[in-house]
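What follows is each chain in one-letter form.
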There are 2 protein chains.
Amino acid sequence: MESVKERLAEFSTEAHDLYPSRVVPYLDEPPEPLQFYRTWVAPNRPCIIRNACSHWPALSRWTPQYLREKVGSKVISVAVTPNGYADAVNGDRFVMPEERRMSFSTVLDIIEGKVQQSGVCYIQKQCSNLVCELSELLDDVESHVSWMSSALGKLPDAVNFWLGEASAVTSMHKDHYENLYCVISGEKNFLLLPPTDRPFIPYGVYQPAVYRQRDDGEFEVVDQSDSEKVPWIPLDPLDPDLDRFPQYRKVQPIRVTVKAGEMLYLPSLWFHHVTQTHGCIAVNFWYDMEYDIKYNYFQLLETLTEVTASS
Amino acid sequence: MESVKERLAEFSTEAHDLYPSRVVPYLDEPPEPLQFYRTWVAPNRPCIIRNACSHWPALSRWTPQYLREKVGSKVISVAVTPNGYADAVNGDRFVMPEERRMSFSTVLDIIEGKVQQSGVCYIQKQCSNLVCELSELLDDVESHVSWMSSALGKLPDAVNFWLGEASAVTSMHKDHYENLYCVISGEKNFLLLPPTDRPFIPYGVYQPAVYRQRDDGEFEVVDQSDSEKVPWIPLDPLDPDLDRFPQYRKVQPIRVTVKAGEMLYLPSLWFHHVTQTHGCIAVNFWYDMEYDIKYNYFQLLETLTEVTASS
């Protein structure tokens, strides 16, 4: 069994050669669909595309004043947590945020420091919230990314709007989507690991729970006792506990800052951890991934990692 | 270790769902490059394309008479074997054909039964022999397949000409190429297995040797004693020895007959075994494959298959 474990580690290390080495390449203009599919999507490699969303009206329009006028009175879903970590391991729990209904202007009041409150707010509802909750803003962006839709032969499944405080963090995870992440204002900081690093990435299985803010302002953690346990990554890539997770020494994280007007192509199944500047606004497009042979191979890697870890 | 072996077998069986079930789909016309890349190349799936090479002059021109006139006097490389098996396991040897220099008209004499000889002839030199040895025929075909070259962003590495007797067989193997196989006259019969079937496919390591026809007409097997041993598949998929190779019960061979005017897309790393009608003529294009994550995953599958087999 030790030989299988060694082979998995060799595989992951060799795969580093397939991916950008610590920095993500830039494209200077929107690519041709076939070229993009062949060079980035099929080989599952990230890149940043410049001049692909920089012409959107949103880049100049989406000031706090404009947003208050357009959508200030809209009531939307906001993730509220005591520490900025929505959907993350806390002790022996996988804790999700309190989903609070608030007016958009209240969120802006908090972001702008006009209102003090305990807890961290993040508009991050990934249910196509730009379309469902903030449709008044749709004219300021494009409804899909035409070259990506041509490349993939489909339209996005979801278009999400993101706005949060500096302390709002997205813990390391992966998605079953091809993701185009467009920063409108501020900066997003991504830490990326390829799917092939799976053998080096620790997973646990956790009881799901949600934060709930009490009347006194303190947060409590409430178990969702009727929900099945959730597999999640307990490691913080910004401060990894290498004594507890020694295999993680073998990863080579790629760090990338996406600036306003830039678009990150975050390929399906890549592990990512995200932070941001205060009040950063972003829009992302989720295109459903293909469940092809790459996906089957990833599942094989995942189960073999689990089988050898528990032996 | 048994659990790893089981997981590999599960993976291969699950992957059958990704591929055509026993029959290969047909496209009725040459595809758009992006569409072809996305639907067939990236997911590594075979198909047959109709009306893609049927307009080539070769289809009507390449009669024995025309070929004698055009290239009859050309001396070319012909693979000669006692049994039709060039590059195949014979006992404890991997035996390659005698590479004989013959005029094209002599090969036609043998194919047409005008000359009797012991041994089986097959023009199958895969070094772009259409370009290097039979360039007088180049006007009768296209020098590359334009939509495939656009899809892959490159030209073919080799264009090969094939002409052989009914008893000439290509034993099961895989190539590191994206292959477009065009039948000009007669029929080719392919038996295909996806790369993901690797755990079910037996390999051995064999001393390389070549056939040599003696003056009395008998063939002897001459070891290439200075050559390294060769890994090859000892199984005959037309008559598999399931007692010796019980794992092979789990494959689901795809059988396909490619007729004159049809083009088979045989994806990289697919295992294939080939027979043909007597005198069948074909031209194939080899495009170099991408050594991307799919290739690394295949190598992982291969070494894990070997590690678990020898445990």
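In what follows, the structure referred to is the one given above.
Residues numbered from 1 in each chain as written. Chains lettered and ligands numbered in written order. Predicted model: local features only at pLDDT ≥ 70, side-chain atom pairs only at ≥ 80, totals over all residues. Heavy atoms only, no water.

### Considerations on the pattern of salt bridges
Close approach of charged atoms allows side chains with opposite charge to pair. The final tally for this structure, using the stated rule, is 40 salt bridges over all chains. For Glu14(A), the salt bridge is made with Arg7(A), and the minimal N-O distance between the two is 3.8 Å. With relative accessibility at 37%, the residue Glu14(A) sits in the partly exposed group. We classify Arg7(A) as buried; its relative accessible area is 9%. Arg68(B) is the partner of Asp109(B) in a salt bridge, and the nearest nitrogen-oxygen pair spans 2.9 Å. Taken as a pair, Asp109(B) in helix 5 (residues 104–111) and Arg68(B) in helix 4 (residues 64–71) lie far apart in primary sequence, 41 residues in all. Residues participating in the shared-partner salt-bridge network are Arg68(A), Asp109(A), Glu112(A) and Lys114(A). (Salt bridge = Lys/Arg side-chain N within 4 Å of Asp/Glu carboxyl O. Buried < 20%, exposed > 50% of the residue type's maximum accessible area, 1.4 Å probe, protein only. Helix = DSSP H or I, 4+ residues; strand = E, 2+ residues; numbered from the N terminus.)

### Re the packing of helix 1 (residues 2–15) of chain A against helix 8 (residues 293–309) of chain B
The N-to-C vectors of helix 1 of chain A and helix 8 of chain B enclose an angle of 165°; their axes lie 10 Å apart at closest approach. When the interaxial angle is binned, helix 1 of chain A and helix 8 of chain B end up roughly antiparallel. For the crossing formed where helix 1 of chain A meets helix 8 of chain B, the hand is right-handed. Contacts from Ser3(A), Val4(A), Arg7(A), Leu8(A), Phe11(A), Glu14(A) and Ala15(A) in helix 1 of chain A reach Ile293(B), Asn296(B), Tyr297(B), Gln299(B), Leu300(B), Thr303(B), Leu304(B) and Val307(B) in helix 8 of chain B. Its residues assigned to classes, the contact of helix 1 of chain A with helix 8 of chain B comprises nine nonpolar, four polar and two charged. (Axes fitted to C-alpha atoms, helices over the stretch in contact; angles between N-to-C directions. Parallel < 35°, antiparallel > 145°, perpendicular 65-115°, else oblique. Left-handed = near helix turned anticlockwise from the far one by under 90°. Contact = heavy atoms within 4.5 Å. Nonpolar A, V, L, I, M, F, W, Y, C, P; charged D, E, K, R; others polar.)

### Some details on the sheet that holds strand 12 (residues 187–193) of chain B
All names here are of chain B. Sheet architecture is open: five strands sit in the order 4-10-18-12-16, paired in mixed fashion. A strand with exactly one partner marks an edge of an open sheet, and here the two such strands are strand 4 (85–86) and strand 16 (254–259). Inspection of the sheet shows strand 10 (residues 169–173) paired to strand 18 (residues 271–276) by two bridges, in the antiparallel sense. Directly across from Thr170, in strand 18, lies its bridge partner Val274. (Pairing = 2+ DSSP bridges.)

### Overview of unusual backbone geometry
Positive phi, normally seen in glycine, also occurs at Asn51(A), with a value near 60°. Counting through the fold element by element, Asn51(A) comes out in the loop between strand 2 (47–49) and helix 3 (58–61). In this structure, Leu269(B) is a non-glycine residue whose phi angle is positive, near 70°. Looking at Leu269(B), the relative accessible area reads 5%, which means it is buried.

### Looking at the nonpolar core
Trp62(A), Trp62(B) and Phe161(B) are the most contacted members of the largest nonpolar core, which has 105 residues in total. Ignoring anything within four residues of it in the chain, the contact list for Trp62(B) reads Leu67(B), Leu130(B), Leu137(B), Asp140(B), Val141(B), Phe161(B), Ile184(B), Ile281(B) and Val283(B). If you look at the next biggest cluster of nonpolar residues, it comprises 92 residues, including Leu304(A), Leu193(B), Val274(B) and Tyr295(B). (Core = buried A, V, L, I, M, F, W, Y, C linked by side-chain atoms within 4.5 Å.)

### Brief notes about the interface of chain B and chain A
Facing the 34 residues of chain B at the interface are 34 residues of chain A. Of the roughly 3,000 Å² buried at the junction of chain B and chain A (both faces included), carbon and sulfur atoms supply 72%. The largest share of the area that chain B buries against chain A comes from Arg38(B), Ile293(B) and Tyr297(B), three residues that together contribute 22% of it. Counting every contact that joins chain B to chain A gives zero salt bridges. Applying the counting criterion to the chain B and chain A interface returns six residue pairs in polar contact (both at pLDDT 80 or more). Mapped onto the side of chain B that touches chain A, the elements with two or more residues apiece are helix 1 (2–15), helix 2 (33–41), helix 7 (146–152) and helix 8 of chain B. Of the residues forming the side of chain B that touches chain A, the biggest block, 11 residues, is contributed by helix 8 of chain B. Considering only residue class, the side of chain B that touches chain A consists of 22 nonpolar, seven polar and five charged. (Buried area = accessible area lost by both parts, 1.4 Å probe. Polar contact = N/O pair within 3.5 Å; in protein donor to acceptor, adjacent residues only side chain to side chain.)

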